Amino acid sequence: MNAKEYQYRQVEEKWQQKWEDAGVFRADDKSGKPKFYALVEFPYPSGAGMHVGHIKAYSGLEVVSRVRRMQGYNVLFPIGFDAYGLPTENYAIKTNTHPRVVTDRNIERFTAQLKRVGFSFDWDRVVDTTEEDYYKWTQWIFLKMFEKGLAFRDQALVNYCPSCKVVLSNEDSQNGKCDICHSDIVQKSKDVWYLRITEYADKLLEGLEQVDYLPNVKQQQVNWIGRSTGAFVNFSLKEVDETLRIYTTRPDTLFGVTFMVIAPEHPLLETYQDRIANYADVLAYKAECAKKSEFERTQLVKDKTGVCIQGLTAINPVNGKEIPIYISDYVMMGYGTGAIMAVPAHDERDYDFAKKFGIDIIPVIKGGDLNEGAYTGDGEMINSDFLNGLTNKKDSIEKMIGELSARGIGEKGVQYKMKDWAFNRQRYWGEPIPIVHCEHCGMVAVPYEELPLRLPKVEHFEPGTDGESPLAKLPEFVNCACPKCGKPARRETDTMPQWAGSSWYFLRYIDPHNPAAFADRDKLNYWMPVDWYNGGMEHVTRHLIYSRFWHKFLYDLGEVPVAEPYAKRTAQGLILGPDGEKMSKSKGNVIDPLDVVDEFGADVLRTYVLFMGDYEKAAPWSENGVKGCKRFLDRVINLLDTVQDGETFSPALEGAFHRTIRKVSEDIESMKFNTALAALMTLLNQITDGGSINRAEYTTLLKLLSPFAPHLAEELWSQMGEQGMICTAAWPTYDADKCIEASVEIAVQINGKIRARVQIPSDATAEQAIAAAKADGKIAEQLVGMTVIKEFYATGKLVNLVIKPAQ
RNA sequence: GCGGGUAUGGCGGAAUUGGCAGACGCGCCAGACUUAGGAUCUGGUAUCUUCCGAUGUGCAGGUUCGACCCCUGUUACCCGCACCA
């Protein structure tokens, strides 16, 4: 067939229909085959439709899944929709359309688009996080957490987005900006729901040792959890009966403390306001800090500000010295105890502060120049009583902690940067939190048998100006009977954040229609863990942490069979615009994948996104690159008419085929799709150069190409009169012996410089290779009057002769 | 500031992990077929060159018979975290 006659789109639609009719991508829950669970991050069905980023994100495991099926695995490769979330709700508000309507429309569109690309998803297992049958279990897991004390309410300072009018978690407000609208976050004291993820900090950390994640994915999670070890120390106050508790990683520097600093929000201030002589100044400073945005606070890092509290003095527990207490915003209420002991000699921030306020600087570790700055290195302990003379940091820390514990003034402590997960949102389009507030019983869980607690239909989805959820305006929803005492009570009106539904979706895929459990135990045992999970780097400190946490909780409950949900995690790089910039509507450099499908076909699109560069790295889109892939596929089509009889590889191409089978198979395993395709192009060039191809060779080429360009492979396979579908055919295997060529060309170097190339049998010994090298005319010429000092032979690669003039 | 990464032709990127740098694709040049070519096919394409060769993987050194690869220093860019005590 001529490539000009080949109609990409018609052919693609035909095979998509045939795959669906035959159900070839349906996963089997009972199978004698080995299982393979491939997971990709399910999309948020935005109104904008599918992005080329989705194509790249899904194409990687799409290829792996297709290969695995051909290798005889029972493959689960599911897809679904993470459909709760603010963009849909905002769109609904703007257009006055119900989010349900918008969501259904978007899911329908996404589904059609995904199908047009020919992904081999199991469409019978689609989950939608906003469906009652699904969020029933999201609520169920929440209630289990509530039961175990992992879901709780607390009055605390939270990240608040004034524009979206919602409380955000730390993960959702990185860099002090709202994740959704990018406005500046403000800190607000609020009574909010938390999930106690910090309880799982160590488990999340330790679990990383058992899984095969990309190193940078692991590292980012380690940093995000931010475990630090140190000690808590209790300082008593001189004027009142109160202890000021601090956290430090360097308890060994306790003798160098010359002042204390507490956060502006520290409760001590309010408690003892009568005692504080300059309370007006303190209040003024607090007000000043509250005004600063997160941005200003980080920009003014070097410039320390603060106020000395008059009327309260701390006592150093090890030497009884009186120490002044300051408030400053360089100490955060959210980390440690919100109070620190300041050791200006050995901490840069404390040093800056001491210099500015003229506070003493007492060295306790030898080294450095304290006129220049703080000394943060190691050294011998001085001015430190029982620690004097110790030179090892670990020893001195241990000795100090021992002393503190013995005297009951402190103990070993661990802190995490990760904070508990602020979980409720004052918005409509999310899972209702199934809790009832009762005057008599407090917070009461909605009984499990009443789940799902349905999200009521409303007319208006706008959040209240007072920061209340739209659900608060519905008396028929709010007013209820307390499940415990039966007296009138009020429902919780906040909803769960977007990340709730996605924290366990990979479990629902295993048994998506089960009405009695989130998934059947036998099926969980069979399919879990996810063998390979691919997604974006942007989810490493959000979804990936959250879902590991939920899964570990379910594991501790005995509800899932494995401790870690994902055995392997990889991440794809971004596709940049043709200008090399990140794609964005404002830059006008967005490529619509469906346009590419229309113009070139899905096979070309799929092949190009995998060929364009290293899968894990960002790469710019290139229209010409797309055409190059089209040309490659066209050449494969054109070969069809030239195929001759032959049930085995011809001698001329046998080695090339075996090597290509090996290369393509191996490269797909390590996600080096670009070089796998390059190997196929090289093979095609060899075939073209050789001038002929037979049936065995052509069908093998089609099989190797089929994971990348499945429609084209199916079509040509059927035109060849082959039986069945190529997606169910056996993946080609190679024979290692046949990969070796009879003879190889090796380079001959003299003193490390290449002087000649010679052809030798590939099984030649070192002696034979060196002899062949010396026999070469050019080499022999240069050896005249020289002594060979050393000879090297790198097998099958090169010979190096080290020579010098003869005496 | 801390952590992680990257740097190779005009461009995207290869290089079996210490052994022939530039696979494969794009682009470009030349030719063929064409009324035509932005279709297709064929050949060429790192730089310099006195055509012998010389140089070349951000920069400066080092180890080695041999370095894109290992070591030391340095510069630039990207990503993540960031006054975390």
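Refer to the structure above for everything that follows.
Summary of the structure given here. (Residues numbered from 1 in each chain as written. Chains lettered and ligands numbered in written order. Predicted model: local features only at pLDDT ≥ 70, side-chain atom pairs only at ≥ 80, totals over all residues. Heavy atoms only, no water.)

1. A look at the overall build of chain A
Heads up, the condition is: The way it works is that DSSP assigns letters per residue, a run of H or I at least four long becomes a helix, a run of E at least two long becomes a strand, and they are numbered from the N terminus. Three exposure classes are used, based on accessible area relative to the maximum for each residue type with a 1.4 Å probe and protein chains only: buried under 20%, partly exposed in between, and exposed over 50%. Contact criterion: two residues are considered in contact whenever any of their non-hydrogen atoms come within 4.5 Å of each other. Methods summary: accessible areas were calculated by the Shrake-Rupley approach with a probe of 1.4 Å, and residue burial reflects only the protein chains presented. His residues and chain termini do not enter the charge count, which takes Lys and Arg as positive and Asp and Glu as negative. For the purpose of locating charges, the reference atoms are NZ of Lys, CZ of Arg, CG of Asp and CD of Glu.
In terms of helices and strands, chain A carries 25 helices and 30 strands. With respect to the three principal axes, the spread of C-alpha positions in chain A is 100 × 90 × 50 Å. The buried share of chain A, reckoned over its 807 residues, is 54%. A sequence separation of at least 24 residues applies to 72% of the contacts in chain A between residues at least 6 apart. As presented, chain A carries roughly 35,100 Å² of accessible surface, and 48% of it is formed by carbon and sulfur atoms. Distance between charge centroids for chain A: 1 Å, based on 94 positive and 111 negative side chains.

2. Brief notes about unusual backbone geometry
For the peptide bond that leads from L451 to P452, omega is 0°, which places it in the cis range. Positionally, P452 belongs in the loop between β18 (442–445) and α13 (475–478). A positive phi angle is found at N96, which is not glycine, with a value near 55°. Counting through the fold element by element, N96 comes out in the loop between α3 (86–95) and α4 (99–117). Overall, N96 belongs to the exposed group, its relative accessible area being 60%. Even without glycine at this site, D385 takes up a positive phi of about 50°. Along the chain, the position of D385 falls in the loop between α11 (348–357) and α12 (393–407).

3. A look at the nonpolar core
The line we're drawing: We define a nonpolar core as any set of buried Ala, Val, Leu, Ile, Met, Phe, Trp, Tyr and Cys residues linked to one another through side-chain atoms lying within 4.5 Å.
Among the nonpolar cores identified, the biggest contains 94 residues, and W621, V636, I668, Y698 and L712 are the most heavily contacted of them. Once residues within four sequence positions are removed from consideration, V636 is found in contact with L684, Y698, L701, L702, L705, L712 and L716. Formed by 84 residues, the second largest nonpolar core is a distinct cluster that contains Y135, I435, L474 and F518.

4. What to know about the packing of helix α1 (residues 8–22) against helix α23 (residues 710–719)
In a pair of packed helices, the angle between the axes and the distance between the axes together describe the arrangement. The cut-off we apply is this: In this analysis an axis means a line fitted to C-alpha atoms, helices contributing only their contacting stretch, and an angle means the value between N-to-C directions, from 0 to 180 degrees. When describing relative orientation, an angle under 35 degrees is termed roughly parallel and one over 145 degrees roughly antiparallel, while 65 to 115 degrees is termed roughly perpendicular and anything else oblique. When residues are grouped by polarity, Ala, Val, Leu, Ile, Met, Phe, Trp, Tyr, Cys and Pro land in nonpolar, Asp, Glu, Lys and Arg in charged, and all others, Gly among them, in polar.
One way to put it is that α1 packs onto α23 with a least axis distance of 9 Å and a crossing angle of 85°. Comparing the axis directions of α1 and α23 gives the class roughly perpendicular. Taking contact as the criterion, the partners of Y8, V11, E12, K14, W15, Q16 and W19 in α1 are, on α23, P710, H711, L712, E714, E715 and S718. Taken together, the residues of the contact of α1 with α23 sort by class into 6 nonpolar, 3 polar and 4 charged.

5. Structural notes on the pairing of strand β21 (residues 532–535)
Rules: For two strands to be treated as a pair, DSSP must find no fewer than two bridges joining them. Here, the term right-handed applies to a crossover whose path from the first strand over the helix to the second runs clockwise when the strands point away from the viewer.
Covered by surrounding structure in β21 are W532 and N534 together with Y533 and G535, the residues of both alternating faces. Of the strand pairs in this sheet, strand β1 (residues 35–40) and β21 are connected by 3 bridges, and their pairing is parallel. Each bridged residue has a counterpart across the sheet, and for A38 the counterpart in β21 is W532. For β21 and strand β22 (residues 568–571), the ladder comprises 3 bridges, and the chain directions are parallel. Its bridge partner being in β22, G535 is matched across the sheet by A571. Crossover β21 to β22 through helix α16 (residues 543–556) is right-handed.

6. A closer look at the packing of aromatic side chains
Given two aromatic rings, one states the distance between the centres and the angle between the planes to describe the pair. Threshold: Paired rings are identified among Phe, Tyr and Trp, the last through its six-membered ring, by centres lying within 6.5 Å, and are further divided according to the angle between planes into stacked (under 30 degrees), edge-to-face (over 60) and tilted (the rest).
Scanning all chains against the criterion turns up 48 aromatic pairs. Ring centres 5.2 Å apart and planes at 85° place the aromatic pair Y615 and F673 in the edge-to-face group. Of this pair, Y615 sits in the loop between α18 (602–611) and β24 (619–620) while F673 sits in helix α21 (residues 673–690), and the two are 58 residues apart along the sequence. Take Y615 and F673: they sit in the same class, and that class is buried. Grouped by ring-pair contacts, the aromatic residues F142, F146, W193, Y200, W421, F423, W499, Y546, F549 and W550 constitute a single cluster.

7. Section: α18
Judged by how many residues are buried, α18 sits mostly within the fold: 9 of 10 residues are covered. The set of residues buried in α18 consists of A602, D603, V604, L605, R606, T607, Y608, V609 and L610.

8. Things to note about the pattern of salt bridges
Quick note on the threshold: When a carboxyl oxygen of Asp or Glu lies within 4 Å of a side-chain nitrogen of Lys or Arg, that pair is called a salt bridge.
Taken as a whole, this structure holds 38 salt bridges when the rule is applied. The salt bridge involving E492 is made with R153; its shortest N-O contact spans 2.8 Å. Note that E492 is positioned in the loop between β20 (488–491) and α14 (505–508) and R153 in strand β5 (residues 151–161), a separation of 339 residues in sequence. Through salt bridges with shared partners, one network takes in D29, D122, R125, D511 and K523.

9. Focus on the sheet that holds β20
Taken in spatial order, the 4 strands make up an open sheet running β18-β17-β20-β19, and their pairing is antiparallel. Lying at the two open borders of the sheet, with one neighbouring strand each, are β18 and β19 (479–481). Recorded for the sheet is a direction-independent mean angle of 45° between the axes of neighbouring strands. Pairing geometry for strand β17 (residues 435–438) and β20, over 2 bridges, is antiparallel. Across the sheet, residue H437 finds its bridge partner in β20, namely R490.

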